[in-house]
Amino acid sequence: MTTAVVRVLGDLAHEAAHARSGACCGCPPPTVLADRADGTVVRCGPVVAKAHAPGTDAAALSARLGLAADPGLAGILLAPLPVRPPAGQAGYGTASPYLTELHGRPVTLWPYGEPVDPGDPDEAPWEEAAALLARLHRVRPAPGAPGIPEAPPPMRGPAKAALAVARMRAARPGDPATAPVLAAWRGLPPWMRDEAPAAAPRVHTLCHGDLHLGQLVRHPEPHGPWLLIDVDDAGPGAPAWDLARPAAWYAAGLLPPEVWFRFLGAYRAAGGPAVRADGDPWPELDLAARALTVQTAALALAKSAAEYRVPDEVEQAMIDACARIAALPPELAAEHSS
């Protein structure tokens, strides 16, 4: 993203920070927290401004912001802040008071929250993440907050998996290294490849759509409760998808068994509906975990190609897991495809 856009994001966050505190300015310069293809995030004091990915569906994002702002989801999702368009620019034309436009991209404002410390894996909030998911999954899909009447669109998990595979194909056209990932991809049912509408799941509820530890913050920082952030992919769907990434890591040997069982146990203890209350969870999780394995491996191959390197050890573990999935007998590969 250009320096000019980052500066305007910083200005938006700075203005919102002073509107909240009313204090005289003693702010340090705005800080870029993330600058990726899927979003740029700039912080000024207690406020962050996010420019969402190019091509984002503004109406769908508006409805998802309504979910995050809904008082019924307080304590689960971090709520957005109202945003005023920059001087000389119109808003996005949606019903959302939480959405404006900057250089053709949707922009939102959020309170700053303390993220998970990647340097302290022993303190990673796996149980807290599981409990938040369980609470979210017990919410039945409903319209957004007052003044935002749109019902949320479906959870975007399968669409993100399909985008990851497309990115891999573009980065490595004809590369035999992609063969195990594509073979595992072809073994998934069409709805998980975003090629058909999803069949009615056993449980259909509100989902986050892209759960990982980077999607949690403490607010108020630094010692407030953990909350889920980033609703860009949220919506009604099969809640197993939200458990699929840690399940895939566990199956690939990247998440220690004790951590996986702590996470799963906390989810069950909080009444999460994605899996049965006890016993083997894999009948519910298997296909979604395969899909997230493919997504992770595809992104690993795309990223390593862009950086002119071979996949690292963790990335290769997910690629190897795709090879094991692709080698499953057809009767096992299709066991839970309906």
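Scroll up a little and you will see the structure.
Remember, it's a predicted structure, so these values are computed and weren't measured experimentally.

### Remarks on helix α2 (residues 58-69)
The terminal C-alpha atoms of α2 lie 16 Å apart, and with twelve residues this matches the ideal 16 Å at 1.5 Å per residue to within 8%. Burial analysis of α2 places eleven of its twelve residues in the buried class, which makes it a mostly covered element. If you check which residues of α2 are buried, you get Ala58, Ala60, Leu61, Ser62, Ala63, Arg64, Leu65, Gly66, Leu67, Ala68 and Ala69. Against β3 (47-52), β5 (105-111) and β7 (205-207) lie the buried residues of α2. Its side-chain oxygen at 3.1 Å from the backbone nitrogen of Ala59, Asp57 defines the N-terminal cap of α2.

### So, a negative patch on the surface
On the surface, Asp117, Asp120, Asp122 and Glu123 cluster together into a patch of negative charge. For Glu123, the location among the structural elements is in the loop between β6 (114-115) and α3 (126-137). When its relative accessible area of 57% is taken as the criterion, Glu123 is described as exposed.

### Let's talk about the pairing of strand β1 (residues 31-36)
Where β1 meets strand β2 (residues 39-44), five bridges bridge the pair, whose relative direction is antiparallel. Pairing of Val32 across the sheet is with Val42, part of β2. Taken together, β1 and the strand that follows it, β2, pair antiparallel across an intervening segment of two residues.

### A closer look at the packing of aromatic side chains
Tallied over the full model, the rule gives eight aromatic pairs. Both rings, one in Trp126 and one in Trp249, keep their centres 6.4 Å apart while their planes meet at 90°; by these two values the pair is edge-to-face. Pair noted here: Trp126 is in helix α3 and Trp249 is in helix α6 (residues 240-251), with a separation of 123 residues, a long-range link. For Trp126, a relative accessible area of 7% translates into the label buried. Relative to Phe263, the ring of Trp126 lies with its centre 5.8 Å away and its plane at 85°, an arrangement referred to as edge-to-face. With Trp126 in helix α3 and Phe263 in helix α7 (residues 257-269), this pair connects stretches of sequence that are 137 residues apart. Classification of Phe263 as buried rests on a relative accessible area of 0%. Its guanidinium or amino end placed over the ring of Tyr112, Arg43 lies 3.6 Å from that ring's centre, counting from NZ or CZ.

### A short note on the sheet that holds strand β8 (residues 216-218)
Strand pairing in a sheet is mediated by backbone hydrogen bonds. Such pairs are either parallel or antiparallel. Strand order in the open sheet formed by three strands is β6-β8-β9, with antiparallel pairing between adjacent strands. Both edges of this open sheet fall to β6 and β9 (226-228), since each of them pairs with a single strand only. The sheet contact formed by β6 and β8 spans two bridges and is antiparallel. Considered in β8, the bridge of Glu114 is made with Arg218. Lying over the sheet, α3 contacts β8 and β9, oriented at roughly 50° with respect to β9.

How each quantity is defined
Residues numbered from 1 in each chain as written. Predicted model: local features only at pLDDT ≥ 70, side-chain atom pairs only at ≥ 80, totals over all residues. Heavy atoms only, no water. Helix = DSSP H or I, 4+ residues; strand = E, 2+ residues; numbered from the N terminus. Expected span 1.5 Å × (residues − 1). Buried < 20%, exposed > 50% of the residue type's maximum accessible area, 1.4 Å probe, protein only. Contact = heavy atoms within 4.5 Å. Polar contact = N/O pair within 3.5 Å; in protein donor to acceptor, adjacent residues only side chain to side chain. Patch = residues over 30% accessible without salt bridge, like charges linked within 9 Å, V, L, I, M, F, W, Y side chains within 5 Å. Areas by Shrake-Rupley, 256 points an atom, 1.4 Å probe, with all protein chains shown as cover. Salt bridge = Lys/Arg side-chain N within 4 Å of Asp/Glu carboxyl O. Lys, Arg positive; Asp, Glu negative; His and termini not counted. Charge placed at Lys NZ, Arg CZ, Asp CG, Glu CD. Pairing = 2+ DSSP bridges. Phe/Tyr/Trp six-rings, centres within 6.5 Å; stacked < 30°, edge-to-face > 60°. Lys NZ or Arg CZ within 6 Å of the ring centre and 35° of its normal. Axes fitted to C-alpha atoms, helices over the stretch in contact; angles between N-to-C directions.

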